[in-house]
Amino acid sequence: MKIGDISKSEVAGKLKIASQFNNGSFMGIPVYYENGDIYGTICGLDNQPFDFTEEHQQSFEMMSALLTYVLELEKANEQIQSLSSPLVPVAKGVSILPIIGHITPRRAQAIIEDVLEKCGAEMDYLIIDVSGVTQLNSEVGKYLLMLVSALKIIGVAPVITGIQPFMALKVPHFAAALKGEMIEANLEMALSKLGFVLKRESK
């Protein structure tokens, strides 16, 4: 929408804000998500009349397209963060949280928030498998310990599996701080400790 002189526009004259700009000017370009839903509008207001050109409109449209791109990136990032902490149900009350790849403090914080939101009242045990973690430092270790503590507070018993030798060597206090917790070498041993038997069916 382009209005060169608000005082001469029947549409703008009905708006309460128009009285603050007298005979000013306005341009508005909608911002869309890729699926066509409207996010909002980029608006330009001035207290003087202005003769908008095609170039001005193209500039606003470019800003709108850039915002759409940023919004889609943000949405994709939220989906990735959600997928980075999937809870895999094994049986009633038991799930597995496989943590894979490079863990940054920001990702660790996101995992904690996401996991605590997903853990319902019926969750008894959460097996946290860290065998796929490629790097661990003291700060990330601190966040994983926070997750263990938070789970216990809400009544979920954490079971840690897959602690690699490099973790114990690089962050010695991480393994030491888990003393008293249920720690198993791998998922199979953890499931066995919880009373599950893995049996291969013969063909």
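**Brief notes about the overall build of the chain**
Part 1: Scanning the chain for helices and strands turns up 7 helices and 8 strands.
Part 2: Within the chain, the proportion of its 203 residues that are buried is 36%.
Part 3: Excluding contacts between residues fewer than 6 apart, the proportion of contacts in the chain whose partners are at least 24 apart in sequence is 64%.
Part 4: Accessible surface, the chain: about 12,900 Å² in total, of which carbon and sulfur atoms supply 56%.

**Quick word on helix α3 (residues 105-118)**
Part 1: Its 14 residues place the ends of α3 20 Å apart at the C-alpha level, agreeing with the 20 Å of an ideal helix rising 1.5 Å per residue.
Part 2: For α3, the full list of buried residues reads Arg 107, Ala 108, Ala 110, Ile 111, Ile 112, Asp 114 and Val 115.

**A closer look at the confidence of the model for the chain**
Part 1: Summary statistics for the chain give a mean pLDDT of 82 and a share of 88% for residues scoring 70 or more.
Part 2: Within the chain, the lowest mean pLDDT, 70, falls on helix α1 (residues 10-13), and the highest, 93, falls on strand β7 (residues 157-161).

**Regarding the pattern of salt bridges**
Part 1: Inspection of the entire model under this criterion finds 3 salt bridges.
Part 2: The residue Glu 181 makes a salt bridge to Lys 152 at a minimum N-O spacing of 2.7 Å. Highlighted residues: Glu 181 in the loop between α6 (172-177) and β8 (182-184) and Lys 152 in helix α4 (residues 138-153), separated in sequence by 29 residues.

**So, the sheet that holds strand β6 (residues 125-135)**
Part 1: Strands sit in the order β4-β5-β6-β7-β8 across an open sheet of 5 strands; the sheet is mixed. The two strands at the open ends of the sheet, each matched to only one other strand, are β4 (88-91) and β8. Put simply, the sheet's adjacent strands are angled 25° from each other on average, direction ignored.
Part 2: For β6 and β7, the ladder comprises 5 bridges, and the chain directions are parallel. Bridge assignment links Tyr 125 to a residue of β7, and that residue is Ala 157.
Part 3: In the packing of α3 onto the sheet, contacts are made with β5 (94-102) and β6, and the angle to β5 comes to roughly 165°.

**Looking at the packing of aromatic side chains**
Part 1: In this structure the tally under the stated criterion is 2 aromatic pairs.
Part 2: Note on Tyr 33 and Tyr 39: the rings are 5.9 Å apart at their centroids and 90° apart in plane angle, and the pair reads as edge-to-face.
Part 3: For Tyr 39, a relative accessible area of 52% translates into the label exposed.
Part 4: Lying across the ring of Tyr 143, Lys 142 places its NZ or CZ 5.4 Å from the centre.

**Regarding the pairing of β6**
Part 1: Sheet topology note: the β5/β6 ladder contains 8 bridges and is parallel. By the bridge assignment, Pro 98 is partnered in β6 with Asp 129.
Part 2: Viewed along the sheet, the connection from β5 through α3 into β6 turns out right-handed.

**Remarks on the nonpolar core**
Part 1: Counting residues in hydrophobic clusters, the biggest one holds 28 residues, and the most contacted among them are Leu 97, Ile 99, Val 115, Leu 126, Ile 128 and Leu 151.
Part 2: Those elements that place two or more of their residues in this core are β5, α3, β6 and α4.
Part 3: It is α4 that provides the largest number of residues to this core, a total of 7 residues.
Part 4: Judged by nonpolar contacts, the second largest core, of 7 residues, contains Met 27, Ile 42, Phe 60 and Leu 71.

**Regarding the side chain of Thr 161**
Part 1: Of note, Thr 161 is situated in strand β7.
Part 2: For Thr 161, a relative accessible area of 0% translates into the label buried.
Part 3: Those residues in contact with Thr 161 that lie beyond four places of it in its chain are Ile 127, Ile 128, Asp 129, Val 130, Ser 131, Glu 184, Ala 185, Asn 186, Leu 187 and Ala 190.

What counts, and at which threshold
- Residues numbered from 1 in each chain as written.
- Predicted model: local features only at pLDDT ≥ 70, side-chain atom pairs only at ≥ 80, totals over all residues.
- Heavy atoms only, no water.
- Helix = DSSP H or I, 4+ residues; strand = E, 2+ residues; numbered from the N terminus.
- Buried < 20%, exposed > 50% of the residue type's maximum accessible area, 1.4 Å probe, protein only.
- Contact = heavy atoms within 4.5 Å.
- Areas by Shrake-Rupley, 256 points an atom, 1.4 Å probe, with all protein chains shown as cover.
- Expected span 1.5 Å × (residues − 1).
- pLDDT = per-residue confidence, 0-100.
- Salt bridge = Lys/Arg side-chain N within 4 Å of Asp/Glu carboxyl O.
- Pairing = 2+ DSSP bridges.
- Axes fitted to C-alpha atoms, helices over the stretch in contact; angles between N-to-C directions.
- Phe/Tyr/Trp six-rings, centres within 6.5 Å; stacked < 30°, edge-to-face > 60°.
- Lys NZ or Arg CZ within 6 Å of the ring centre and 35° of its normal.
- Right-handed = clockwise from strand over helix to strand, strands pointing away.
- Core = buried A, V, L, I, M, F, W, Y, C linked by side-chain atoms within 4.5 Å.

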